[in-house]
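Residues per chain, in single letters:
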Amino acid sequence: MKNPILKNLSRYLAVFKISFHHEFAYRVSFVMWRVRNIIQIFVVFFLWDTVFSTQGRVIFGYDRSRMLTYVFGLIIVRALVLSTKVVDVAGHVSRGELSNYLVRPINYFKYWFTRDLSSKFLNISFAGVETLILYIILRPPFFIQTNPISIVGFLVSIVLAMLIFFLLLFIVSSVPFWAPEMGWGAHFLVTVIVVEFLSGALFPLDILPQSLQSILSYTPFPYLIFFPLQVYLGKVSTIVLLRGILVSSVWVILLWFAMKSVWRRGLKAYQAYGR
Amino acid sequence: MKLVSRLSNIRSWVPEVGSQKKMGEIIVSGYRKLLVTFAVLPGKLKTDKPITEILINSYKRVGYYIGIWYMMSKNSFLMVLAQKKVLFIFLLGKVLRFIFFMIFLFFLVKGAGRLSNYTVNQAIFFFLTFMVIDTTSQFFFREVYRFRPLVVSGDFDLVLTKPIGALFRVLMGGADVIDLITIPPLYAITIYFGSLLAPNTFQIYLYIAMLMSGLLIATAFHIIVLSLGIITLEVDHTIMIYRDVTSMARFPVDIYKQPLRGVLTYLLPIGIMITLPAKAIMGLVTPFGIFVSISFGVLTLYVAVKFWHVALQKYTSASS
């Protein structure tokens, strides 16, 4: 008799492998997605390279090496936090495909979390190679963090960011329970617009006035990209680091309960359209 | 079998299709006639008919196509307006994206002093010019985003057999009402920021002319994406890469270093398409720049239409 925990684990390991191979079934799509990421990095890199063209210039609390490290860090952090498969959940709900999964002996949230991990693993592998190639081409000054507290803080904040984004997307994906035609619209508004701008994925949020930064610090968005990179760059004190981790953790808990509540109500409203 | 039967019926009322020519060749010849009508291929205008008759016929054809475009756009608008919540969400998203970027640009250039020697107002005007070209082309060419399913399913056959240009149908067959709503305030904001740069009358006319040239290049890009769609069956990512590349011109291309700046100016002419018109209103364009802008606009459109003809001949009608 096989250990039930191991049996459960092997089930999700199989999901991980299938999801990983699934990505390679659409190679062109994957390569194009990575190309798009690189183009976005090019824009941000050259923009900040121009702003810091004068030697020794410090703007918004950044010197040239820290700002260009922020830009390169975006490749890695975006691959870890923002690469996801959960966006497909909305389609499952609106097309009624969710029914197929509800009858399977598998936890739907763990299934998608495993698929997310698979996507992140693939993306971070490519992101590592891209970072190396871009580094060779652009030769930016690079800031290497050596403080163990900052490195551990960075890793912890990344894990929390991954959880926040996963839960946020799951809540957004529940919109089609009540409005099946609005699945993509809700994702467009939250992930393409709000997360892209308010997470620091396009620019470091500390270029904004202090009042705006204070308001944003109470939302979950800065903790997705901006905060982990600030921690890596050593721009936060230990107190601010602990406060940030605490706020991120509170958001994870709040979003977890919100997601459970929304899905419980959503499943009651679910009508399996198209099935 | 049903489709074959339908196609046979269509053949009876589209005279040229009754011959043994291949479908692609028929469409190419039909589209050439359209181009002659619009005088895009001047060499083909050699005819014994008096010029007044040619002009009257051309006006009639233009009127015919405007009528069709109006009908297709109305249908497209009605489809979107039927889902008001979706319309609201996408409209809100577009407005928020615009506001966020304006805020970012304002604080960035204000904090940095200048951006590659451009002031805050100038940097914002570069972004607004990008938005004008991007939003206007999105409004007219939204149908390009729906082209792939047509080719993959073979339903493009049904477009080819209709008595209108296939390119016209797949390029301009579904104007976007959301962009239409955003265009008037966007133009108003652009005019306001343009007026802050105190241009003279000549610079304003030059800006409009070069903006038109930029729109020609944008049209050419969309035709190339459609053509690649026929050859490779890939449209979605190609159009998004086009948008990513053009988004590099949200800032003046002067911020990019060589050789990237050269590539963005001449190879992927987004510098000519967006940066140059904005520079025209600031009085920073030389006569050579004007010549290059107009020439590139016409040349890229000509090349794109030629490429479309080549792509059409590669259409296999698979899955139909």
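Residues numbered from 1 in each chain as written. Chains lettered and ligands numbered in written order. Predicted model: local features only at pLDDT ≥ 70, side-chain atom pairs only at ≥ 80, totals over all residues.

Engineer: Explanation requested: the overall build of chain A in the structure shown.
Structural biologist: Scanning chain A from N- to C-terminus turns up 11 helices and 0 strands. Taken from N to C terminus, the helices and strands of chain A fall in the order α-α-α-α-α-α-α-α-α-α-α. For 275 residues, the compact-globule estimate of 2.2 N^0.38 gives 19 Å, and the C-alpha radius of gyration of chain A, at 20 Å, lies within 12% of that figure. A burial count over chain A gives 39% of its 275 residues as buried. Long-range contacts, defined here as pairs at least 24 residues apart, represent 82% of the contacts in chain A between residues at least 6 apart. (Helix = DSSP H or I, 4+ residues; strand = E, 2+ residues; numbered from the N terminus. Rg over C-alpha atoms; globule rule 2.2 N^0.38 Å. Buried ≥ 20, exposed ≤ 12 C-beta atoms within 10 Å, placed from the backbone. Contact = placed C-beta atoms within 7 Å.)

Engineer: When you look at the overall build of chain B in this model, what are you seeing that I'm missing?
Structural biologist: Along chain B, the regular secondary structure elements total 14 helices and 0 strands. Taking all 320 residues of chain B together, 36% fall into the buried category. When contacts within chain B are restricted to residue pairs at least 6 apart in sequence, long-range pairs at least 24 apart make up 76% of them.

Engineer: Please clarify how the interface of chain A and chain B should be interpreted in this entry.
Structural biologist: A common way to express how large an interface is: the accessible area buried when the components associate. Tallying the contact residues gives 28 residues for chain A and 29 residues for chain B. Elements that contribute at least two residues to the side of chain A that touches chain B include exactly helix 2 (27–51) and helix 8 (183–198) of chain A. In terms of residues, the side of chain A that touches chain B owes the most to one element, helix 2 of chain A, which gives 12 residues. Looking at side-chain class alone, the side of chain A that touches chain B contains 22 nonpolar, 4 polar and 2 charged residues. (Nonpolar A, V, L, I, M, F, W, Y, C, P; charged D, E, K, R; others polar.)

Engineer: Any chance you could explain the nonpolar core here in plain terms?
Structural biologist: A general trend in soluble globular proteins is that nonpolar side chains are found buried together. If you look at the biggest cluster of nonpolar residues, it comprises 145 residues, and the most contacted ones within it are Val 71, Val 81, Ala 161, Ile 164, Phe 165 and Leu 224 of chain A. Not counting chain neighbours up to four residues away, the residues in contact with Phe 165 of chain A comprise Val 81, Leu 82, Thr 84 and Leu 224 of chain A. (Core = buried A, V, L, I, M, F, W, Y, C linked by C-beta atoms within 7 Å.)

Engineer: Could you clarify how one ought to interpret the confidence of the model for chain B in this entry?
Structural biologist: Parts of the model with low pLDDT should not have their predicted coordinates read in detail. Residue and element names in this part refer to chain B. The predicted model of chain B has a mean per-residue pLDDT of 83, with 84% of residues at 70 or higher. Low pLDDT (under 50) marks residues 1–21, which in the prediction has 12 contacts with non-local residues, meaning those over four places away or in another chain. Contacts for the low-pLDDT stretch residues 37–45, under 50 throughout, to residues beyond four places or in other chains number 14 contacts. Both confidence scores are given for the complex: pTM 0.82, ipTM 0.84. (pLDDT = per-residue confidence, 0-100.)

Engineer: When you look at unusual backbone geometry in this model, what are you seeing that I'm missing?
Structural biologist: Backbone phi values are negative for most residues with the exception of glycine, while trans is the configuration of most peptide bonds. Backbone geometry places Phe 60 of chain A, a non-glycine residue, at a positive phi of 55 degrees. Relative to the helices and strands, Phe 60 of chain A is located in the loop between helix 2 and helix 3 (64–82). Positive phi, normally seen in glycine, also occurs at Ala 198 of chain B, with a value near 50 degrees. When you line up the elements, Ala 198 of chain B lands in the loop between helix 9 (177–196) and helix 10 (201–232).

Engineer: Sorry, what's going on with the environment of Leu 160 of chain B here?
Structural biologist: Within the secondary structure, Leu 160 of chain B sits in helix 7 (residues 156–160). Owing to 21 C-beta atoms within 10 Å, Leu 160 of chain B belongs among the buried residues under this scheme.

Engineer: Is there a simple way to explain the packing of helix 7 (residues 148–172) of chain A against helix 11 (residues 238–269) of chain A in this structure?
Structural biologist: Geometry of a packed helix pair, given as the angle between the helix axes and the separation of the axes. All names here are of chain A. Here helix 7 crosses helix 11 at 20 degrees, and the two axes come no closer than 9 Å. The pairing of helix 7 with helix 11 is recorded here as roughly parallel in orientation. The hand of the helix 7/helix 11 crossing is left-handed. Across the contact of helix 7 with helix 11, the residue classes break down as 18 nonpolar, 6 polar and no charged. (Axes fitted to C-alpha atoms, helices over the stretch in contact; angles between N-to-C directions. Parallel < 35°, antiparallel > 145°, perpendicular 65-115°, else oblique. Left-handed = near helix turned anticlockwise from the far one by under 90°.)

Engineer: Is there a simple way to think about the confidence of the model for chain A in this case?
Structural biologist: Scored by pLDDT, chain A has a mean of 88; 99% of the residues are at 70 or more. Looking across chain A, the model is least confident in helix 2 of chain A, with a mean pLDDT of 80, and most confident in helix 7 of chain A, with 95.

Engineer: Would you mind going over helix 4 (residues 84–112) of chain B with me for this structure?
Structural biologist: The α-helix advances 3.6 residues per turn, and as a result positions three or four apart in sequence lie on the same side. Between the first and last C-alpha of helix 4 of chain B there are 42 Å, a value that for 29 residues agrees with the 42 Å anticipated at 1.5 Å per step. The complete set of buried residues in helix 4 of chain B reads Val 86, Ile 89, Phe 90, Gly 93, Lys 94, Leu 105, Leu 108, Val 109 and Ala 112 of chain B. Residues of helix 4 of chain B that are buried in the fold lie against helix 2 and helix 8 of chain A together with helix 5 (120–141) and helix 9 of chain B. In the segment just after helix 4 of chain B, Gly 113 of chain B is the residue with positive phi, at about 90 degrees. (Expected span 1.5 Å × (residues − 1).)

Engineer: Quick question: what am I supposed to make of the packing of helix 2 of chain A against helix 11 (residues 236–247) of chain B here?
Structural biologist: Where helix 2 of chain A contacts helix 11 of chain B, the axes come no closer than 9 Å and their chain directions differ by 5 degrees. Looking at the two axes, helix 2 of chain A sits roughly parallel to helix 11 of chain B. Residue-level contacts link Ser 29, Met 32, Val 35, Arg 36, Ile 39, Gln 40 and Val 43 of chain A of helix 2 of chain A to His 237, Met 240, Ile 241, Asp 244, Val 245 and Ser 247 of chain B of helix 11 of chain B. Here the residues of the contact of helix 2 of chain A with helix 11 of chain B are counted per class, giving 7 nonpolar, 4 polar and 2 charged.

Engineer: How do you make sense of helix 2 of chain A when you look at a structure like this?
Structural biologist: End to end, helix 2 of chain A covers 37 Å across 25 residues, agreeing with the expected 36 Å (1.5 Å per residue, within 8%). Three or more residues of helix 2 of chain A are buried, namely Asn 37, Ile 41, Val 43, Phe 45, Phe 46, Leu 47, Trp 48 and Val 51 of chain A. In this structure, the buried side of helix 2 of chain A is in contact with helix 3 and helix 6 (108–138) of chain A together with helix 4 and helix 11 of chain B.

Engineer: Help me understand the environment of Ile 241 of chain B in this model?
Structural biologist: Position of Ile 241 of chain B among the secondary structure elements: in helix 11. Other than its neighbours up to four places away in sequence, Ile 241 of chain B contacts Met 32, Val 35 and Arg 36 of chain A.

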